[in-house]
Amino acid sequence: MGARSAGWQLSAQGRRMVDAVLFEFLHTEMVAELWVHEPDPDPRSGGQKMSLLVLEGMGFRVGQALGERLPQETLPFREELDVLKFLCKDLWVAMFQKQMDSLRTNHQGTYVLQDNSFPLLLRMASGLQYLEEAPKFLAFTCGLLRGTLSTLGIKSLVTASVAALPACKFQVVIQRS
């Protein structure tokens, strides 16, 4: 007997919650799987882990797809700042069911997007011992932001930092030609 014939259906909010939980689980498993197959490099080498690059690449491709689909309901972007506001509102709601907490800029091509309770870090927020693990949970999202910006015609460099869990900051530096 199917769910429909049993007389219950998920509301739109219920479906979004299920989607969010499934995405969080998938993301956690991607990170775990990549770290099992790519052991930590020698800390003295200074090289970036291949796993971070893989996660960032996955996020970039997802960001490209979302950058094609999401802006269809919005007005054309007039300025760079409008695109960043789109990321903080529409993209963040589509991905995490919440808006970004703040957006700051130096008006010279650098933007800082802050999320005070980033969903992919919430489960790790119970202790400082997880702080050093945070970057691998942010690589996908850095790629997501960069991919969306790329599709919208903005070349950028995106980095993330965490000072206290579950808050994080994404720094977007626009690459001028």
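Further up the page is the structure itself.
Quick caveat, the model's predicted, so the values are computed rather than measured.

A. Focus on the overall build of the protein chain. For the protein chain, the count of helices and strands is 4 helices and 4 strands. Helices (α) and strands (β) of the protein chain occur, in sequence order from the N terminus, as α-α-α-β-β-α-β-β. Looking at the protein chain residue by residue over its 177 residues, the buried ones come to 37%. Of the contacts formed within the protein chain by residues at least 6 apart in sequence, a portion of 58% connects residues at least 24 apart.

B. Structural detail: helix 2 (residues 50–69). Here helix 2 contains 20 residues, and its C-alpha end-to-end distance of 29 Å stays within 8% of the 28 Å for a straight helix at 1.5 Å per residue. Of all the positions in helix 2, only Ser51, Leu52, Leu55, Glu56, Gly59, Phe60, Gly63, Ala65, Leu66 and Gly67 are classed as buried.

C. Structural view of unusual backbone geometry. Omega for the peptide link from Leu165 to Pro166 comes to 0°, which places this bond in the cis form. Within the secondary structure, Pro166 is located in the loop between strand 3 (156–161) and strand 4 (168–174). In this structure, Gln97 is a non-glycine residue whose phi angle is positive, near 60°. Along the chain, Gln97 turns up in the loop between helix 3 (80–96) and strand 1 (102–105). The phi dihedral of His107 falls on the positive side, at around 60°, and the residue is not glycine.

D. How the structure looks around the nonpolar core. Ranked by size, the top nonpolar core spans 39 residues in total, and within it Met95, Leu113, Phe118, Leu121, Phe170 and Val172 carry the most contacts. Looking at this core, the elements with two or more residues in it are helix 1 (12–37), helix 2, helix 3, strand 2 (110–115), helix 4 (139–151) and strand 4. For this core, the leading source of residues is helix 3, giving 9 residues. When near neighbours in sequence (up to four residues on either side) are disregarded, Phe170 contacts Trp92, Met100, Tyr111, Val112, Leu113, Phe118, Leu138, Thr141, Cys142, Leu145, Thr159 and Ala160.

E. Structural detail: the sheet that holds strand 3. One open sheet accounts for 4 strands, arranged 1-2-4-3; its pairing is antiparallel. The sheet is open, and its two edges are formed by strand 1 and strand 3, each paired on a single side. When strand polarity is set aside, the average angle formed by the axes of neighbouring strands in this sheet is 20°. For strand 2 and strand 4, the ladder comprises 6 bridges, and the chain directions are antiparallel. Pairing of Tyr111 across the sheet is with Val172, part of strand 4.

Conventions we followed
Residues numbered from 1 in each chain as written. Predicted model: local features only at pLDDT ≥ 70, side-chain atom pairs only at ≥ 80, totals over all residues. Heavy atoms only, no water. Helix = DSSP H or I, 4+ residues; strand = E, 2+ residues; numbered from the N terminus. Buried < 20%, exposed > 50% of the residue type's maximum accessible area, 1.4 Å probe, protein only. Contact = heavy atoms within 4.5 Å. Expected span 1.5 Å × (residues − 1). Core = buried A, V, L, I, M, F, W, Y, C linked by side-chain atoms within 4.5 Å. Pairing = 2+ DSSP bridges. Axes fitted to C-alpha atoms, helices over the stretch in contact; angles between N-to-C directions.

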